[in-house]
Amino acid sequence: MPHFDVLIVGGGQAGAYAAIQLRQQGFVGTVAIAGRENELPYERPPLSKEYLLGDKEWERLLIRPASFWQEKAIALLLGLEVTAVQPTARQVTMNDGSSLGYGKLIWATGGEPRRLACPGTDLKGVHVVRTRAHADAILGQLSDVSRAVIVGGGYIGLEAAAVLRKLGKEVTLLEALPRVLARVAGEDVSSFYEAEHRAQGVDLRTSAAISAVEGLDRVSGVRLADGSLIECQMVIVGIGIIPSVEPLLAAGIKGENGIEVDDFCRTSDENIYAIGDCAAQANRFAGGAVLRVESVQNANDQAACAVKAILGEAQSYAAIPWFWSNQYDLKLQTVGISSGYDAAILRGDCAARCFSVLYLKAGRLIAVDAINATRDYVQARKLIEEWAMIAPEDLVDTSRPLKDLPRL
Amino acid sequence: MTTIVFFEPDGTRREVEANPGESLMEVAVRHGVEGVDADCGGVCACATCHGHIDPAFFGRLLAMNDTEDAMLELVEDQRAANSRLLCQIQVGPELDGIVIKLPGVRR
Ligand SMILES: Cc1cc2nc3c(=O)[nH]c(=O)nc-3n(C[C@H](O)[C@H](O)[C@H](O)COP(=O)(O)OP(=O)(O)OC[C@H]3O[C@@H](n4cnc5c(N)ncnc54)[C@H](O)[C@@H]3O)c2cc1C
Ligand code: FES
């Protein structure tokens, strides 16, 4: 049975970055990545943006070129899924029946797109966007599509809507909640994006309930709970992910919605780490709440954190969460975690399409959404790290940069 | 062919070839140059592609836009007069021989 000093399960953002960091930090032991997708590690954000639009070709999504993994002696075991973990024996079983031994295991499996719970979701033409294969399936069908329905008004759904509009498709976007981006942003940001998408020609409907996806073999429409039918040739579902953690849970590792990890990304087994979208960790920027953060930032920073711990230089995870989303000519940059805010302050002018929303909790700045306002984003990041308290009447004053505002 | 010289954070000299139209960030990533993480994949949203540009070439580059200038504030402590985000610089023959020092990404 092959044995690796560090075995990484999942060759996505977090897994790839963990391997890169191991070598960068001088680790000389054996390293392998076992990944289900038969692809070199690549970036997912362009799948709902430039890649879907046809603006960025595949090779430019690769996190590193093929030669890199060879030069760094990182074994890529691709097209293989880990189906079981035996923590005591320190080995994993793969879907081809083979086994691998490990010294340390890094679980970096991300998640599976959540599917709609209604009839008709397995019809042809119903898509999700998590992998290259998903995006290619959409691209392969696009020329036959004039009308598309997007389900889910999160970042991915909104980005996909923007791309399809740019490609000249008629787009209906259905959000179940009363506003888009409801889980991640305040009302000002939601209503701004709703207005932008409508101005771009998206038929955007909130509080929408779907009763079925209809069609014979291919999708022909989406039936709403009120009985109306939206005709379409394509449905893209972007309603979140379910973390891929069954093999670890089955092995008795602690977790539920994600694998629980400590400040060093270690699971309840000292030889197993979990990082990226599948890891649930107490986050100091969310008041210590245990949560999964789905972003490139979190994937990379947790990867670096786990690697330090494995190399005996453990440092508590303390990275500030940040995220971006590009739609049309709008550049949204988010920093901090806004959940639990008790005041949201609008800085700048929505009509000028350049503003930020600052979220406060008990007077302290906890998060910012900056739209075409990079300087606010950058300066707020430092203020959030310092738990700064700034008077709301100062925060709205765009004549002064955030960093120059007096602290209370 | 356009040759780009990177100095990795530990001082290692890397002389690599660039394809026309690539950004300097993409050149570095494609050659596995250490010190460029490119978390955001080149959309000027992360500042993990920060480099110090050979002064002889710095003035010849297209000026940076506001967004890039703002993003550079994130790496203020490593910033110098010749700082740029490498994803914002497109390679052309005029950059042949350019030297870039990479201060390294902190995590
Ligand atoms: C369309 C899209 C757009 C996005 N846009 C942004 C953005 O703009 N900004 C941002 O910060 N983030 C964005 N994200 C989120 C970001 O891409 C993720 O947070 C990041 O990829 C998480 O990395 P990960 O390694 O945890 O998971 P992934 O990158 O999903 O990698 C997990 C890998 O593990 C594999 N795997 C799963 N189970 C097993 C198993 N049992 N055995 C072997 N392999 C397995 C999977 O097939 C996959 O290849 C976006 C994501 C998507 C899908
Ligand atoms: S790659 Fe992110 S700013 Fe350049």
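Remember, it's a predicted structure, so these values are computed and weren't measured experimentally.

### Some words on the overall build of chain A
Along chain A, the regular secondary structure elements total ten helices and 26 strands. With the principal axes as the frame, chain A shows a C-alpha extent of 65 × 60 × 35 Å. Looking at chain A as a whole, 55% of its 408 residues are labelled buried. Computed over 41 positive and 49 negative side-chain charges, the separation of the two mean positions in chain A equals 3 Å.

### Examining the sheet that holds strand β10 (residues 170-174) of chain A
Residues and elements named next belong to chain A. The strand order across the open sheet formed by five strands is β8-β15-β9-β10-β11, and the pairing between neighbours is parallel. Of all the strands in the sheet, the pair left with one neighbour each is β8 (126-128) and β11 (203-205). Averaged over all pairs of adjacent strands, the angle between strand axes in this sheet comes to 20 degrees, irrespective of strand direction. Judged from the four bridges that link them, strand β9 (residues 147-151) and strand β15 (residues 234-237) form a sheet pairing that is parallel. Bridging across to β15, A148 finds its partner in M234. Here helix α5 (residues 155-166) sits on the sheet in contact with β9, β10, β11 and β15, set at roughly 170 degrees to β10.

### A short note on the packing of aromatic side chains
For the structure shown, the criterion picks out ten aromatic pairs over all chains. Pairwise contacts between aromatic rings join Y155, W322, F323 and W324 of chain A into one cluster. The ring of W58 of chain A is capped by R132 of chain A, whose NZ or CZ atom sits 3.9 Å from the centre of that ring. Looking at R60 of chain B, its charged tip hangs above the ring of F57 of chain B, at a distance of 4.4 Å from the centre.

### Observations regarding the layout of surface pockets
In this structure, the second largest pocket occupies an estimated 740 Å³ of space. In terms of lining, the second largest pocket is formed by 30 residues, of which the most central are D301, R381 and E385 of chain A together with R106 and R107 of chain B. Elements represented by at least two residues in the lining of the second largest pocket include exactly α8 (296-310) and α9 (374-385) of chain A. It is α8 of chain A that contributes the most residues to the lining of the second largest pocket, five residues altogether.

### Considering the sheet that holds strand β13 (residues 219-224) of chain A
Within a sheet, adjacent strands bond to each other through the backbone by hydrogen bonds, running parallel or antiparallel. Residue and element names in this part refer to chain A. Read from one edge of the open sheet, three strands run β12-β13-β14, paired in antiparallel fashion. Of all the strands in the sheet, the pair left with one neighbour each is β12 (210-215) and β14 (229-231). In this sheet, adjacent strand axes meet at a mean angle of 25 degrees when their direction is disregarded. Summarising the sheet, β12 and β13 pair through five bridges and their orientation is antiparallel. Bridged to G215 within β13 is V219.

### Structural notes on empty space enclosed by the protein
All told, the structure shown has two cavities of 30 Å³ or more when counted by the stated rule. Approximately 70 Å³ is the volume found for the largest cavity. Lining the largest cavity, in full, are E43, P45, P46, K49, E50, K56, W324 and N326 of chain A together with D39, C40, G41 and V43 of chain B. By residue class, the composition of the lining of the largest cavity is five nonpolar, two polar and five charged. If you add up the space inside the second largest cavity, you get close to 60 Å³. Around the second largest cavity, the lining residues are R115, L116, T121, V126, H127, V128 and V237 of chain A. In terms of residue count, the dominant contributor to the lining of the second largest cavity is β8 of chain A (three residues). For the lining of the second largest cavity, the class distribution of residues is four nonpolar, two polar and one charged.

### Here's the deal with the UniProt feature "domain: Reductase C-terminal" (unreviewed entry) in chain A
Residues annotated in UniProt with the feature "domain: Reductase C-terminal" (unreviewed entry) correspond here to residues 322-405 of chain A. Counted over residues 322-405 of chain A, helix gives 19% and strand 43%. Its end C-alpha atoms are 22 Å apart.

### Observations concerning the side chain of E68 of chain B
Residues and elements named next belong to chain B. With respect to the helices and strands, the residue E68 is situated in helix α3 (residues 66-72). Taking the relative accessible area as the measure of exposure, E68 reaches 1% and is therefore buried. With sequence-adjacent residues up to four places away left out, E68 is seen in contact with C44, R84, L85 and Q88.

Rules behind the numbers
- Residues numbered from 1 in each chain as written.
- Chains lettered and ligands numbered in written order.
- Predicted model: local features only at pLDDT ≥ 70, side-chain atom pairs only at ≥ 80, totals over all residues.
- Heavy atoms only, no water.
- Helix = DSSP H or I, 4+ residues; strand = E, 2+ residues; numbered from the N terminus.
- Buried < 20%, exposed > 50% of the residue type's maximum accessible area, 1.4 Å probe, protein only.
- Lys, Arg positive; Asp, Glu negative; His and termini not counted.
- Charge placed at Lys NZ, Arg CZ, Asp CG, Glu CD.
- Pairing = 2+ DSSP bridges.
- Axes fitted to C-alpha atoms, helices over the stretch in contact; angles between N-to-C directions.
- Contact = heavy atoms within 4.5 Å.
- Phe/Tyr/Trp six-rings, centres within 6.5 Å; stacked < 30°, edge-to-face > 60°.
- Lys NZ or Arg CZ within 6 Å of the ring centre and 35° of its normal.
- 1 Å grid on protein atoms, 1.4 Å probe; cavity = no way out; pocket = protein on both sides within 12 Å on 5 of 7 lines; lining within 4 Å.
- Points joined across faces, edges and corners; volume = space filled by probe spheres on them.
- Nonpolar A, V, L, I, M, F, W, Y, C, P; charged D, E, K, R; others polar.
- UniProt positions renumbered as here; feature names shortened; annotations may be inferred.

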